[in-house]
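# Commentary on secondary and tertiary structure
Spelled out, the chains give:
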Amino acid sequence: RLPRREVGDALLEVLRNRPEGFAHAIDTLVQLKLYEAIDPLIAMAQSDDADVYGPALRGLRGIADPDQHDVSRLVKLLLRTPHGLRRDEIEKTILVVCGKVPAETDRAAPVLLALKSIPAAQGAGYLPLLGRLGGPAAKKQIDAALAAAPHSPEAADQSPALPLPARRPLHRGPTPPQ
């Protein structure tokens, strides 16, 4: 039996230098729950190639915890990602990670904590994620952002406070709109 550290190092080496074997390496990293793989997986998740970012996000879903450290890294990844399919998959990854909290805990809490360090102008891009996560604290932040946004469609189109992707349906999460 090989020591965990040696196996982990060898698998991380595969991620860095052998793209043909990374999918199997990621599966093993998830089984080992090797936290040292999170940063290399986040780097891979920045790829435009679905064959690269898909397995990387699958690995992040299995390894990352819903704590301030891991969720903050995922939120920063989301911030750097243009709107589109990959960003949607990153949102889903954050949902899976935040879904690991105990049932009585607010799933949006780790994301809301991570968003405190992000400028308000960039925070509006997270409204769809908050809508997916649901919960009273997320709804309060969504309502505050919507109240601060211009009310006419013409003004809203010109406003950086609420970018177009942030205006997609916000209440599709577990908390129904009231």
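Shown above is the structure to which this text applies.
This write-up is about the structure you can find in this document. (Residues numbered from 1 in each chain as written. Predicted model: local features only at pLDDT ≥ 70, side-chain atom pairs only at ≥ 80, totals over all residues. Heavy atoms only, no water.)

### A word on the overall build of the chain
Per the secondary structure count, the chain includes 11 helices and 0 strands. What you see in the chain, going N to C, is helices and strands ordered as α-α-α-α-α-α-α-α-α-α-α. For the chain, buried positions account for 44% of its 178 residues. Put simply, 66% of the contacts in the chain that link residues at least 6 apart link residues at least 24 apart. Put simply, the chain shows about 9400 Å² of open surface, and 58% of that area lies on carbon and sulfur atoms. (Helix = DSSP H or I, 4+ residues; strand = E, 2+ residues; numbered from the N terminus. Buried < 20%, exposed > 50% of the residue type's maximum accessible area, 1.4 Å probe, protein only. Contact = heavy atoms within 4.5 Å. Areas by Shrake-Rupley, 256 points an atom, 1.4 Å probe, with all protein chains shown as cover.)

### What about helix α1 (residues 4-17)?
Here α1 is 14 residues long and its end C-alpha atoms lie 20 Å apart, about the 20 Å a rise of 1.5 Å per residue gives. Among all positions of α1, only Gly8, Leu11, Leu12, Val14 and Leu15 are buried. Buried positions in α1, seen along its axis, are confined to an arc of 150° and lie on one side of it. (Expected span 1.5 Å × (residues − 1). Arc of directions from axis to C-beta.)

### Observations concerning helix α2 (residues 22-32)
Those residues of α2 that sit buried are Phe22, Ala25, Ile26 and Leu29. What you see down the axis of α2 is that its buried residues fit within an arc of 100°, all on one side. More than 90 degrees from the buried face of α2, the exposed residues found are His24 and Gln31. Against α1, α3 (38-45) and α4 (50-63) lie the buried residues of α2. Downstream of α2 by one or two residues, Lys33 has phi in the positive range, about 50°.

### Focus on the nonpolar core
If you look at the biggest cluster of nonpolar residues, it comprises 46 residues, and the most contacted ones within it are Leu41, Val75, Ile94, Val111 and Leu130. Broken down by element, this core gets its largest block of residues, 6 residues, from α4. (Core = buried A, V, L, I, M, F, W, Y, C linked by side-chain atoms within 4.5 Å.)

### Looking at the packing of α2 against α4
Orientation of α2 relative to α4, taken along the N-to-C sense of each, is 5°, at an axis distance of 9 Å. It follows that α2 is roughly parallel to α4 by the angle criterion. Contacts between α2 and α4 pair Phe22, Ala23, Ile26, Asp27, Leu29 and Val30 from the former with Asp51, Val52, Pro55, Ala56, Arg58, Gly59, Gly62 and Ile63 from the latter. When grouped by side-chain class, the residues that make up the contact of α2 with α4 number 9 nonpolar, 2 polar and 3 charged. (Axes fitted to C-alpha atoms, helices over the stretch in contact; angles between N-to-C directions. Parallel < 35°, antiparallel > 145°, perpendicular 65-115°, else oblique. Nonpolar A, V, L, I, M, F, W, Y, C, P; charged D, E, K, R; others polar.)

### Side note on the packing of α3 against α4
The relative placement of two packed helices is expressed as an angle between their axes plus a distance between the axes. In the contact formed by α3 and α4, the axes pass within 8 Å of each other and the chain directions differ by 145°. As for the relative orientation of α3 and α4, their crossing is left-handed in sense. Across the interface between the two elements, Ile38, Leu41, Ile42, Met44 and Ala45 from α3 touch Val52, Tyr53, Ala56, Leu57, Gly59, Leu60 and Ile63 from α4. Grouping the constituent residues of the contact of α3 with α4 by class yields 11 nonpolar, 1 polar and no charged. (Left-handed = near helix turned anticlockwise from the far one by under 90°.)

### Quick look at the pattern of salt bridges
For the structure on display, the rule yields 12 salt bridges. Put simply, Asp48 and Arg86 hold a salt bridge, and the shortest N to O gap is 3.0 Å. With Asp48 in the loop between α3 and α4 and Arg86 in helix α6 (residues 85-98), this residue pair connects regions lying 38 residues apart in the sequence. The class of Arg86 is buried, set by a relative accessible area of 11%. Of the charged contacts in the structure, one is a salt bridge between Asp143 and Lys139, with a shortest N-O distance of 2.8 Å. Placement of both Asp143 and Lys139 in helix α10 (residues 136-148) is noted, with a separation of 4 residues, approximately one turn of the helix. Classification of Asp143 by relative accessible area gives partly exposed; the value is 33%. By sharing partners, the salt bridges in this structure join Arg61, Asp88, Glu89, Glu91, Lys92 and Arg132 into a single network. (Salt bridge = Lys/Arg side-chain N within 4 Å of Asp/Glu carboxyl O.)

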